Structures are given as structure tokens and as C-alpha cells.
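# Per-entry structural report
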Amino acid sequence: MFGAGGSTSSYEEIENTDAILLWGSNARETHPIFFHHVLRALRRGARLYVIDPRRTSTASFAHLWLGIDVGSDIALANAMGREIIHAGLVNTRFVERATTGFEAYRRAVEPYTLEFAERTTGVPAEAIARLAHDYARADRAELCWTLGITEHHNAVDNVLALINLALLTGHVGRYGSGLNPLRGQNNVQGGGDMGALPNRLPGFQDLEGDAEARRRFEEAWGCRIDPQRGYHLSEMFDAVERGELTALYVLGENPAQSEADGRRAVRLLERLDHLVVQDTFLTRTAELADVVLPATASWCEGEGTVTSSERRVQRVRPALSPPPGARDDLAILAALARRLGHDWGEPTAEQVWDECRRLSPMHRGMRYDRLEALGGIQWPCPDEEHPGTQFLHARLWREPLEGPPAPFHPVAWEPPAEPLSAEFPLRLTTGRRLDAFNTGVQSGRYPSPLGRREAVHLAPEDMARMGIQEGERVRVVSRRGSVEAPAHSDPTLRPGLAFMTLHTPDEVDTNLLTLDAWDPRSGTAEFKAAAVRVERPGAGAGATTTGRRASDGG
């Protein structure tokens, strides 16, 4: 946030805040550990607001649920901003001294009246106004989001619309007030921190703009670093299609089954001259590979660190010995480097971490023994006396202001990339379940009392109108492909909305349906907003209607 991609707050602050906004997040099922902190907050009297197209199990805990139409988040956020301004609830002191661009933002949100937002989002105007007032008036408030915000073709604009609300109300840079992108998998935060981004070096140092940072890495690594940013994942697939990228090295990823428009993803992987996959399992992607490098399960067989959604770096130690033939990721990379003419020796995980600390200022104080003694440390931790940073951007409240002000970014709402039509009248959104993990490579191999077969979830009204019975096998068709699945009547859905997961691609390959239109800045595809129809195998297309709902939870 404001130059570093991580949550501004800690889990402790979630427990002690006054208001929690979960936007596009079914945290009870998809972030169950985090949701325990939310439950502690509720027991202490905090109020929970859930903005989600589905009335999820998370929404059942909410004081207010806003059943937003898929893809209308910016319209809702801008309407909230306008209402806060017109109601005189702006934190004027904070805005004037710690931000820039307020007047441009005020002009940009003026057309987003409550009436316009109600028509656009499906949320009643009074519910939008109530959320705006409650968020602005709260002494402390945490705004959290997940893939419901970021898996859209305008993902970055969605995030900026939420950041604008925090700047408008001063809900950032203070204990109990912050902005929190919840990471969907273990160590996603750590991956970004370590430079797994096309324009960043470890520690979020600017590859293109920070020549001094590049110099430090060049001296440490004994090579020249190209200052030009690389491809993100979506750009890689486009480059394969153009014939510009002919080889891929895939570590711990299953893009054959995790990418939107799965048929195109497989076709492009098959086109490669050379594909190397390094993984614990023989995934669908590994089955396509020219070379497979069997790796250990780092979460239980390896040594190292992981970083959680609250920026806390923690130690990982092996609990089990790996099976014969599997090697640690670090050992594989070092052996490969040796074959390519660069002898790295046999570095330990701690030696690699110490190199990271030397080169990344925000990790410098995190010695292994300190991580052990303190139960993990939150970055930034600039020296070995520093305890870590519980929340970010306290500088925005200091007198005088430290560092640059935080900018407002006016953004405009635009509808999902793929419109509904008479041929494709249903909006399909995708998500996750508590019992499963991503493409099911790890979780799908084991029985679970919570496990259930993949199905297409439909509103009861749509099921009745189309004459489809519970459990009846139907075909779901998009402009890219079709799958067959049982139908499930789901009262959490409004008419016109369908829901599926990506957890069982060998059984129902949902990503054959999803749209690979992607955000130009983040590269994230629009998994959340495909247009589909549902029909009986061999029958014609069905039709649907749309509905609107918002509800108090107490």
C-alpha cells in the first residue's frame, strides 16, 4: 500500500477495531484463521459489514450484508465516498495534511449518487448510505478484501476505490484502522516480498527506477540486472501465443488448470518448445512437461521462512523427511545453476535468508534467532534492535508529515468485460470452499467430512423457472467452452447469479468457462464475471432474470 504491497494492519488490530468491512471476501471459508480474529472482534462489540454478491456463511455473521451485483464495486465505493462528502463526514484534518488529489476525487465521485448506485449495484440506497456513515463515523475501522475485488479486468481500479475511502475517513496509519488485502494461499505475501513481481526486486525495491538498489544486487550476484520489467503471468501466455516465449520453468504452479480460459492455457503450454515443471505432485501441467523435477513439500519437509497476510515473517522447519527421489527446491535450483555454469555451492535456507536481509532494507533486522524468539516479526524491520512494525503509515499522522502524502486516485466504474445476452443470460462467479485448496492437487487426494462434489449453484428461483431438479446433471456453457455438473439450489444466490469453484478440474473444469480478460496493471484475469447459460444436455438454452437484495444481519 502506497509503495509496498501488504496489509497495513496486524491481526491483533482486527480484534480490537470497531468496524470491519469484508469486501468481496468469504473469509469464514477462504481465510478461516483470519476469521477467528474477526470473531474475537465481534465478541468485543465490533460491527461487521460484508459486501458480496452471495449471502455467504461469512455474511451470516454480518450486521449488514450488501448483496452487490458482480463487477459494480467501484460504483458502490464511489457512491459511499460521495455520501461521506455530502454528509460532512470527511476527516478534513487528515485529508488536508496527509493526502493529495482530494478535489479531483470529489469531482469524480459527484455523479455517483445513491440512486445511481442502487440502479448499478443492486444495493438499496439506504444500505449504501448506512455503510458510508457507519464506516466514516467509526473511531477505528478495518477494510479487508480478497479475490472478489482483485479477480476482475479492472482489479487495480477496484483496489484504488477502496483506498480512497480509507483516505477520505483517515482510516489508515493508526492502530485499529487500516487496509488489508487478505492473501489467498500460504506465503503469497512472501512471494511478492521476495521479488516474484515483474517490476520489483526483493523488498519491493523498484527494478526500473532504483539504480542504487540494482547496483547492490549486481554486486552481490556478480551479474548485470536488466532494468526493464518482465512479464506477469497473463503477459507470458500472450507472448507464447505470439511465438516470443518458447520455454517455461514452472515452480509449484498448475496453470493448466488454474488459468482462466483453461482450453487456451493448455493449448499454449502444449505449443512450447520446452516446459520444465518443479513440483511435489504430478499435476496436469507436469503431465505436459518435457522435464519434471520432483520437489519436497516445503510446508512440512523443508526449512525456511513464510510471510503471512499481516506481514509477519515466521520460521518453517521440517516435520518429516522427504521421500526418496524428492529434493528441496533450494537444492534443485543450486544444482541447476551448477549445470549452467554458476556454482552457488550448497547454500542453506538461513544463508539465503541472510543474503536477503543484506539486500532488502525492510528485512534487515530479521535474524533467524530473532524470528524464533519473537514468534515472527512484521516488516519493515530495518535493524536488529527493531521489534518490527505492527501497522504501516503512522508517518501520515506525524507532525510534521513524514515522507510523501498519500494520493487519492479517482477511478470510474465500468461493467464486466463480458456482457450478458439472451444467449448467455447468467452471470457466473467463481470462488473457493473451506474443504478444498485451489485446483485440488493437494486437498483433492484426501477424504474430508466437509468435502462435496462440484456443482453449479443456482438461485432457487432460476432452478424453478428452468424446471431443473436438485442434483440434475446440466450443461454450463460460456463463449469459450462448456462443462457438465449437477445443479444445486443455493438460497445464498440472487436470481441471475451462478456460482462454481475451481477445486475439482479433473471432474468439472470450471476454468474452461472463465474469461481471460485481464487487468493491464496487475495481470489478474476476470475469474469473477463470466456470462453463461445453463441447459440440459442436448437441450436448448435457458433464460434468467436479475434480482436485487440487501439485508440487515442484526
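Scroll up a little and you will see the structure.
Notes on the structure in this doc start here.

Cut-offs and rules
- Residues numbered from 1 in each chain as written.
- Predicted model: local features only at pLDDT ≥ 70, side-chain atom pairs only at ≥ 80, totals over all residues.
- Heavy atoms only, no water.
- Axes fitted to C-alpha atoms, helices over the stretch in contact; angles between N-to-C directions.
- Helix = DSSP H or I, 4+ residues; strand = E, 2+ residues; numbered from the N terminus.
- Parallel < 35°, antiparallel > 145°, perpendicular 65-115°, else oblique.
- Left-handed = near helix turned anticlockwise from the far one by under 90°.
- Contact = heavy atoms within 4.5 Å.
- Pairing = 2+ DSSP bridges.
- 1 Å grid on protein atoms, 1.4 Å probe; cavity = no way out; pocket = protein on both sides within 12 Å on 5 of 7 lines; lining within 4 Å.
- Points joined across faces, edges and corners; volume = space filled by probe spheres on them.
- Phe/Tyr/Trp six-rings, centres within 6.5 Å; stacked < 30°, edge-to-face > 60°.
- Buried < 20%, exposed > 50% of the residue type's maximum accessible area, 1.4 Å probe, protein only.
- Lys NZ or Arg CZ within 6 Å of the ring centre and 35° of its normal.
- Arc of directions from axis to C-beta.
- Polar contact = N/O pair within 3.5 Å; in protein donor to acceptor, adjacent residues only side chain to side chain.

Running from N to C, helix 4 (residues 73-86) and helix 6 (residues 102-109) point in directions that differ by 110°, and their axes come no closer than 9 Å. What the angle tells us is that helix 4 and helix 6 run roughly perpendicular. Between helix 4 and helix 6 the crossing geometry is left-handed. Counted together, Ala77, Asn78, Gly81, Arg82 and Ile85 of helix 4 and Phe102, Tyr105, Arg106 and Val109 of helix 6 form the full contact between these two elements.

The next point concerns the sheet that holds strand 11 (residues 291-294). Strands sit in the order 9-10-11 across an open sheet of three strands; the sheet is parallel. Two strands lie at the open edges of the sheet, namely strand 9 (247-251) and strand 11, each paired on one side alone. Averaged over all neighbouring strand pairs, the angle between strand axes comes to 10°, with direction disregarded. Relative to strand 10 (residues 274-279), strand 9 runs parallel, the two being bridged by five bridges. Note that in strand 10 the partner of Ala247 across the bridge is His274. Docked against the sheet, helix 18 (residues 329-339) engages strand 9, strand 10 and strand 11, running at close to 150° with respect to strand 9.

Our next topic: empty space enclosed by the protein. The final tally for this structure, using the stated rule, is three cavities of 30 Å³ or more. When its volume is computed, the largest cavity comes out at roughly 320 Å³. Considering the residues around the largest cavity, the lining is formed by 25 residues, among which Gly24, Asp52, Gly148, Thr430 and Lys528 are closest to the centre. Looking at the lining of the largest cavity, the element that brings in the most residues is strand 16 (residues 426-431), giving three residues.

Let us now look at the sheet that holds strand 13 (residues 312-316). If you walk across this open sheet you meet the three strands as 12-13-14, and the pairing is antiparallel. The open sheet terminates on both sides in strands that have one partner only, identified here as strand 12 (304-307) and strand 14 (377-378). The sheet contact formed by strand 12 and strand 13 spans four bridges and is antiparallel. Bridge assignment links Thr305 to a residue of strand 13, and that residue is Arg315.

The description of an aromatic ring pair rests on the distance of the ring centres and on the angle between the ring planes. A full pass over the atoms with the stated rule returns nine aromatic pairs. Here Tyr11 and Phe34 contribute two aromatic rings whose centre-to-centre distance is 6.0 Å and whose plane-to-plane angle is 65°, an arrangement assigned as edge-to-face. On the criterion of sequence distance, the pair formed by Tyr11 in helix 1 (residues 11-15) and Phe34 in helix 3 (residues 32-43) is long-range, its members being 23 residues apart. On the basis of relative accessibility, which here comes to 17%, the residue Tyr11 falls in the buried class. Exposure remark for Phe34: the relative accessible area of 5% places this residue in the buried category. Members of the aromatic cluster, each reached through a chain of ring pairs, are Phe102, Tyr105 and Phe408. Lying across the ring of Phe499, Arg54 places its NZ or CZ 3.7 Å from the centre. In this structure, Arg315 packs its charged tip against the face of Tyr368, placed 4.1 Å from the ring centre.

Three or more residues of helix 12 (residues 211-221) are buried, namely Ala213, Arg214 and Phe217. Buried residues of helix 12, seen end-on, are gathered within an arc of 100° and therefore sit on one face of the element. Where helix 12 is buried, its residues meet strand 7 (200-201), strand 8 (205-206) and helix 19 (349-359). At the N-terminal boundary of helix 12, the capping side chain belongs to Asp210, with an oxygen 3.3 Å from the backbone nitrogen of Glu212. The positive-phi residue at the C-terminal boundary of helix 12 is Gly222, with phi of around 65°.

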